[in-house]
Amino acid sequence: YNISVKSSITVFVIDSTELEFRIREKMSGKQRSDNEPIFQFIYGRYFTKTWEVLNKDLEEHFPLIIAYFEKKVEEEVEIKRQAEIEKRRREKEYKVAMARYESHLVEYNAFNSLFAEYERWKEAQKVREFALAKKNKGASVEWYNWANAKADYIDPLVESGDDILGEYPPKKPIEPQKSFW
């Protein structure tokens, strides 16, 4: 056992577990006939446990007080042990949840990618159909070839780049600013 003072708080130390306590004289409005002071031995910041003893009986109460502190240390150790078990359980649960989240995220992104590629393929097919229909209505071969090249540009199965537009999706051109110098 050890008793020390930390930041003006007295602590009773048992096996590295610290328990705060105070001893103070009880102030009472009543006069005692023997004028013997009554001391309060107070455990905890918020008066968790209080023993009131006469000055002459203070030493007799120490075994009871120490036994109480030993019991409190056992309770504190058990609380810390349970908290550590709970912490490990939560960490394990978090790891499982993160693994589930990451696999879901991969699947979600793959699905969205699949759907986006399908939409691009479908749009490319529409452009090809439109180009053929326009060719049948008299559009030039040059225009037809240009439209099919744009369909190939959109189509994820072909993935041809475009000399002017670059990689898919195309970016809107930025108008150059006129320099005033």
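Because the structure is a prediction, the values reported are computed rather than measured. (Residues numbered from 1 in each chain as written. Predicted model: local features only at pLDDT ≥ 70, side-chain atom pairs only at ≥ 80, totals over all residues. Heavy atoms only, no water.)

1. Some details on unusual backbone geometry
Stage number 1. Cis geometry is found at the peptide bond from Tyr168 to Pro169, where omega equals -5°.
Stage number 2. Mapped onto the fold, Pro169 is located in the segment after α2 (141–154). (Helix = DSSP H or I, 4+ residues; strand = E, 2+ residues; numbered from the N terminus.)

2. A word on the confidence of the model for the chain
Stage number 1. Averaged over the chain, the pLDDT score is 82; the fraction of residues at 70 or greater is 78%.
Stage number 2. In the model of the chain, strand β4 (residues 38–43) stands out as the element of lowest mean pLDDT, 61, in contrast to α2, which has the highest, 95. (pLDDT = per-residue confidence, 0-100.)

3. Looking at the pattern of salt bridges
Stage number 1. A full pass over the atoms with the stated rule returns 10 salt bridges.
Stage number 2. A salt bridge links Arg88 to Glu84, with the nearest nitrogen and oxygen atoms 3.7 Å apart. Here Arg88 pairs with Glu84, and both are found in helix α1 (residues 58–136), just four residues apart, close to one helical turn.
Stage number 3. Since its relative accessible area comes to 46%, Arg88 is described here as partly exposed.
Stage number 4. Residue classification places Glu84 among the partly exposed positions, given a relative accessible area of 35%.
Stage number 5. Three or more residues are tied together by salt bridges with common partners; here these are Glu86, Arg89, Arg90 and Glu93. (Salt bridge = Lys/Arg side-chain N within 4 Å of Asp/Glu carboxyl O. Buried < 20%, exposed > 50% of the residue type's maximum accessible area, 1.4 Å probe, protein only.)

4. What to know about the packing of aromatic side chains
Stage number 1. Counted under the stated rule, the structure contains six aromatic pairs.
Stage number 2. A ring pair is formed by Tyr153 and Tyr168, whose centres lie 5.5 Å apart and whose planes are at 70°; its orientation type is edge-to-face. Within this pair, whereas Tyr153 is found in helix α2, its partner Tyr168 is found in the segment after α2, the two being separated by 15 residues in sequence.
Stage number 3. Overall, the relative accessible area of 34% leaves Tyr168 in the partly exposed class.
Stage number 4. By way of ring pairs, the aromatic residues Phe111, Phe115, Tyr118 and Trp121 are connected into one cluster.
Stage number 5. Over the aromatic face of Trp143 sits the side chain of Lys134, whose NZ or CZ is 4.7 Å from the ring centroid.
Stage number 6. Positioned above the aromatic ring of Tyr144, the side-chain terminus of Lys135 is 4.6 Å from the ring centre. (Phe/Tyr/Trp six-rings, centres within 6.5 Å; stacked < 30°, edge-to-face > 60°. Lys NZ or Arg CZ within 6 Å of the ring centre and 35° of its normal.)

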